[in-house]
Amino acid sequence: MNISIRAFRASDLDAVIALFEGAVRQIASRDYSAEQIDAWVQIDREDWQQKFQQSECWLVIRHGEIAGFGNVESDGHLDMLFIHPEHQRCGVATALLKWLELQLVKMGIPVIFTEASITAKPFFTRQGFQLIEAQQVSVRGQSFINYKLHKVLI
């Protein structure tokens, strides 16, 4: 598949934000309204920089460009996993998830858990995650459905 995985660097922030926005606008827009998408992509650069520095954040490089990113927190929370629209359905997300799970196993964390979008839920269930519950969340005045999921690692 010709990919590599490397740790996030502060200089990656702009590229990661652009990837996130592209993935949400082009992929998640199948399942969410334009108003929900606009609310979702409003982010705070400083918050994201801090979030990535305080978690295990990794990038997938494919064909010389950032194809995806994800991060896990020390309690086993998979905070984000986003893949560039041009790199969807070619194993990037699966490789990145396996890598993030391995990082948690190395830290002795027995369970990974996440809140998945409608769009991402089928991917996670194919990867062995179990549904805990559907939930309504509010983001910048917009109501979203997402799913709490978890997977036992060790």
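Residues numbered from 1 in each chain as written. Predicted model: local features only at pLDDT ≥ 70, side-chain atom pairs only at ≥ 80, totals over all residues. Heavy atoms only, no water.

How would you sum up unusual backbone geometry? Please name residues and give values.
Here histidine 63, not a glycine, exhibits a phi torsion of approximately 55 degrees, which is positive. In this fold, histidine 63 is placed in the loop between strand E2 (56-62) and strand E3 (65-72). Overall, the relative accessible area of 53% leaves histidine 63 in the exposed class. One non-glycine residue, arginine 140, adopts positive backbone phi at about 45 degrees. Structurally, arginine 140 is set in the loop between strand E6 (130-139) and strand E7 (142-152). (Helix = DSSP H or I, 4+ residues; strand = E, 2+ residues; numbered from the N terminus. Buried < 20%, exposed > 50% of the residue type's maximum accessible area, 1.4 Å probe, protein only.)

Quick one: what's the story with the sheet that holds strand E1 (residues 3-7), residue by residue and with numbers?
Strand order in the open sheet made by the 7 strands is E1-E2-E3-E4-E5-E7-E6, with mixed pairing throughout. The sheet is open, and its two edges are formed by E1 and E6, each paired on a single side. Across this sheet, the average inter-strand angle for adjacent strands is 25 degrees, counted without regard to direction. Relative to E3, helix H1 (residues 13-26) is tilted by about 90 degrees, and along the sheet it contacts E2, E3 and strand E4 (77-83). (Pairing = 2+ DSSP bridges. Axes fitted to C-alpha atoms, helices over the stretch in contact; angles between N-to-C directions. Contact = heavy atoms within 4.5 Å.)

Go over the UniProt feature "domain: N-acetyltransferase" (unreviewed entry) in the protein chain, please, and point to the residues and values.
Here, the residues flagged by UniProt with the feature "domain: N-acetyltransferase" (unreviewed entry) are residues 3-154. The span residues 3-154 carries 34% helix and 36% strand; its end-to-end C-alpha distance comes to 26 Å. (UniProt positions renumbered as here; feature names shortened; annotations may be inferred.)

Could you give me a rundown of the environment of glycine 64, with the residues and numbers involved?
When you line up the elements, glycine 64 lands in the loop between E2 and E3. Judged by relative accessible area, glycine 64 falls into the exposed class, the value being 73%. Taking the C-alpha atoms as reference points, glycine 64 and serine 4, separated by 60 residues in sequence, lie 9.2 Å from one another.

Give me the environment of leucine 131: which residues, what numbers.
Structurally, leucine 131 can be placed in strand E6. The exposure class assigned to leucine 131 is partly exposed, which follows from its relative accessible area of 46%. Taking the C-alpha atoms as reference points, leucine 131 and glutamate 115, separated by 16 residues in sequence, lie 9.8 Å from one another. Look past the residues within four positions of leucine 131 in its chain and what remains in contact with it is Lys121, Tyr147, Lys148 and Leu149.

Lay out the packing of H1 against helix H3 (residues 45-53) in plain terms, naming residues and giving numbers.
As a packed pair, H1 and H3 sit with axes 11 Å apart at the nearest point and diverge in direction by 105 degrees. Between H1 and H3, the interaxial angle falls into the category roughly perpendicular. Contacts between H1 and H3 pair Leu13, Asp14, Val16, Ile17 and Phe20 from the former with Arg45, Trp48, Gln49 and Phe52 from the latter. In terms of residue class, the contact of H1 with H3 is made up of 6 nonpolar, 1 polar and 2 charged. (Parallel < 35°, antiparallel > 145°, perpendicular 65-115°, else oblique. Nonpolar A, V, L, I, M, F, W, Y, C, P; charged D, E, K, R; others polar.)

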